[in-house]
Structures are given as structure tokens and as C-alpha cells.
Amino acid sequence: QVQLVESGGGLVQPGGSLGLSCTASGRLFTVYDMGWYRQAPGKQRELVGRINKGGSTTYADSVKGRVTVSTDNAWNKVFLQMNSLKPEDTAVYYCNAVVYGGIIYWGEGTLVTVSS
């Protein structure tokens with residue numbers, strides 16, 4: 001199993017920046033893809049961005065150019081750097097890890113609120 005714990009959420013003004021981190025533990029050698037999703041009130045959970053062990057990244061069109069997903073060398077942390085934040089970026093942000101075999105693990109989420 002893989003355990004994921006997010007940190008770094010909070011209140012930020014429109015146009016501001018915020019960085020999230022997610023610490024993974026457990027059977028990390030089985031992880032080949034990690035990323036971030038978000039869920040706004042009344043909406044479905046959606047992809048923000050993800051990265052695989054080959055270094056390839058994928059971003060949602062709504063955040064492309066404003067966010068960066070990265071990991072540390074040991075692949076036990078995944079980061080989300082968000083810039084030029086908008087009120088519509090307000091959501092609970094979830095860390096996600098995919099292991100060989102297709103099992104998906106989720107963190108409990110961290111709230112990001114973009115408001116003046």
C-alpha cells in the first residue's frame with residue numbers, strides 16, 4: 001500500500017502563488033505515476049497535473065502555464081506549484097499515486113481558497 005499526506009493549502013489572494021506538497025510512504029517502488037486532482041464545491045474531481053517516472057507531465061487546459069508538478073529524486077514527494085491563482089482555482093486538492101497493477105491511492109486533500 002501507499003499512503004499520501006498533502007500539505008500547504010490555505011488562503012491566497014487572486015494573482016498570488018501557492019505551493020502544495022504531498023509526502024508518500026509505503027511501497028513506493030510500486031509507484032509509477034503521481035499527480036494532483038481537485039474538487040470544487042458541487043463539481044466533480046478533475047485533473048490538475050501529473051507526472052510519470054519518465055518525467056512526462058500532463059496538465060489540465062484550465063491550469064496549463066500556471067502550474068508545475070514535480071517530484072523529488074526519491075519519488076517520495078510530489079509538489080504542485082501554482083501561480084496566477086484565480087478564484088475558480090478554489091477547491092480541495094488531492095494527491096494521487098498510481099502503482100503497477102493500476103491501483104490508485106489518494107490523500108485526504110488540502111483546501112485551497114483563492115479570495116480577496
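Calculation criteria
- Residues numbered from 1 in each chain as written.
- Predicted model: local features only at pLDDT ≥ 70, side-chain atom pairs only at ≥ 80, totals over all residues.
- Heavy atoms only, no water.
- Salt bridge = Lys/Arg side-chain N within 4 Å of Asp/Glu carboxyl O.
- Helix = DSSP H or I, 4+ residues; strand = E, 2+ residues; numbered from the N terminus.
- Buried < 20%, exposed > 50% of the residue type's maximum accessible area, 1.4 Å probe, protein only.

## Regarding the pattern of salt bridges
1) Next: Going through the model one piece at a time under the given rule, you end up with 5 salt bridges.
2) Next: Put simply, Arg50 and Asp33 hold a salt bridge, and the shortest N to O gap is 2.4 Å. With Arg50 in strand E5 (residues 46–52) and Asp33 in strand E4 (residues 31–39), this residue pair connects regions lying 17 residues apart in the sequence.
3) Next: Of the residues examined, Arg50 reaches a relative accessible area of 12% and is grouped as buried.
4) Next: Classification of Asp33 as buried rests on a relative accessible area of 13%.
5) Next: Here Lys64 makes a salt bridge to Asp61, at a shortest N to O gap of 3.1 Å. Side by side, Lys64 and Asp61 carry an identical accessibility label, which is exposed.
6) Next: Put simply, Arg38, Glu46, Arg66 and Asp89 are held in one network by salt bridges that share partners.

Worth remembering: the numbers are spatial, not functional.
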